[in-house]
Amino acid sequence: MKSAESHQGRVLIVAGSDSGGGAGIQADIKTVTMLGGYAMTAITAITAQDTTGVHGVWPVADDAVTAQIRACLTDIGTDTIKTGMIGTARLVELVCETIDELARETPRIVDPVMVATSGDRLIDEAAVSAIAALLLPGAGLVTPNSHEAEILTGKAVDGLNGQRRAAEALLERGAKGALVKGGHIPGKILHDVLQTEHGEWIFESERLETRSTHGTGCTLASACAALLAQGITIETAVDQARTYLHKAIQQAPDLGHGHGPVAHNWPVIDQQD
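One structure accompanies this document, and this report is about it. Position numbers for residues count from 1 along each chain, tracking the sequence in the order it is written. Selection of residues for local features in this predicted model requires a pLDDT of at least 70, selection of side-chain atom pairs for listing and counting requires 80 or more, and totals for whole chains, interfaces and linings are taken over all residues. No hydrogens and no water enter the side-chain calculation; it runs on all heavy atoms of the structure.

**Here we look at the layout of surface pockets**
Then, in step 1: When its volume is computed, the second largest pocket comes out at roughly 500 Å³.
Then, in step 2: Only protein atoms enter the 1 Å grid, on which a cavity is a set of points fitting a 1.4 Å probe that cannot get out and a pocket is an open set with protein on both sides within 12 Å along at least 5 of 7 lines, lining residues being those with an atom within 4 Å of a point. In terms of lining residues, the second largest pocket is bounded by 24 residues, among which Pro 107, Ala 139, Gly 140, Lys 176 and Ile 234 are the most central.
Then, in step 3: Segments assigned H or I by DSSP are reported as helices when at least four residues long, segments assigned E as strands when at least two residues long, and all are numbered from the N terminus. Of all elements in the fold, only strand 5 (108-110) and helix 8 (234-250) reach the threshold of two or more residues within the lining of the second largest pocket. Grid points are joined across faces, edges and corners, and a volume is the space filled by probe spheres set on the points.

As structure tokens, this is what we get:
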């Protein structure tokens, strides 16, 4: 892999495709691009998906996924690697093996995608175990919502204290940074908890009452990946990523009949106004 003398904003995204454009690879590319990064992809699955749910999932062949990763890393290189939906334990193993071979020292931002906003399950139990055993240890940042944090840690995450305990547990399991999100926890004020070996940061914001929440997890993780790829510190990257997502939700275009997408292009819209 080409070595970078300075951060160049390159992000390799390993995730599934969302035909509706609100989540997955499509949301990742939009986010990284809007935040000044360069997005590359290794697509793990094709989904027939819209704002109302997931209507079909077709896994991409394992060797096709690893070939995509290898092509990007051996030619262009990357500054961060963001992972999303990886549907089987075997594919998790192969992805980790390929990354370890070609980009072992590159920070990984792991979005442990398990369930879609619509409630549809996206990966099987064996894949969950593989993510916990193989992707989580050494990750620069893992970004679970409260449900995913409970699955990964076995701890109840129903409030701020639960988020803090789950973040601690994720660090104990080998992650270098853990951002336990609070969007699924009821309350007018939303808290996200970031912990690293260097400290803890608690971010809070007013909850936005909206149905446009499709792809928010993908968007936040990719925003973190894009900013970290440009050399921004982890706590600042998380803060700026949250701001980007908050404004994207505020300006959501109200599309579809279910959980609509956010406005990934809000910086362009703001420039036009």
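**Section: the pairing of strand 1 (residues 10-18)**
Then, in step 1: The element strand 1 is extensively covered by neighbouring structure, given that nine of its nine residues are classed as buried.
Then, in step 2: Whether two strands pair depends on DSSP finding at least two bridges between them. When strand 1 meets strand 2 (residues 38-50), the two strands line up parallel, connected through eight bridges. Across the sheet, Asp 18 pairs through a bridge with Thr 47, a residue of strand 2.
Then, in step 3: Think of it like this: strands point away, you trace from the first strand over the helix to the second, and a clockwise trace means the crossover is right-handed. Traced from strand 1 through helix 1 (residues 24-34) to strand 2, the parallel crossover comes out right-handed.
Then, in step 4: When strand 1 meets strand 4 (residues 80-83), the two strands line up parallel, connected through four bridges. Bridging from a neighbouring strand, Val 14 pairs with Thr 83 of strand 4. In this scheme, a residue with accessible area under 20% of its type's maximum is buried, one over 50% is exposed, and one in between is partly exposed, where area comes from a 1.4 Å probe on protein chains only.

**Considering unusual backbone geometry**
Then, in step 1: At Asp 254, a residue that is not glycine, the phi angle is positive and equals roughly 60°.
Then, in step 2: Relative to the elements of secondary structure, Asp 254 occurs in the loop between helix 8 and helix 9 (266-272).

**Notes on the nonpolar core**
Then, in step 1: Formed by 46 residues in total, the largest nonpolar core has its most connected members in Leu 12, Val 14, Ile 69, Val 95 and Ile 123.
Then, in step 2: In terms of residues, this core owes the most to one element, helix 3 (residues 89-103), which gives eight residues.
Then, in step 3: By the convention used here, residues are in contact when the closest approach between their heavy atoms is within 4.5 Å. With near-sequence residues (within four places) excluded, Ile 123 lies in contact with Met 85, Ile 86, Gly 87, Val 113, Met 114, Val 128 and Ile 131.
Then, in step 4: If you look at the next biggest cluster of nonpolar residues, it comprises 30 residues, including Val 32, Leu 141, Leu 179 and Phe 203. We define the nonpolar core as a collection of buried residues of types Ala, Val, Leu, Ile, Met, Phe, Trp, Tyr and Cys that are connected through side-chain atoms lying within 4.5 Å of one another.

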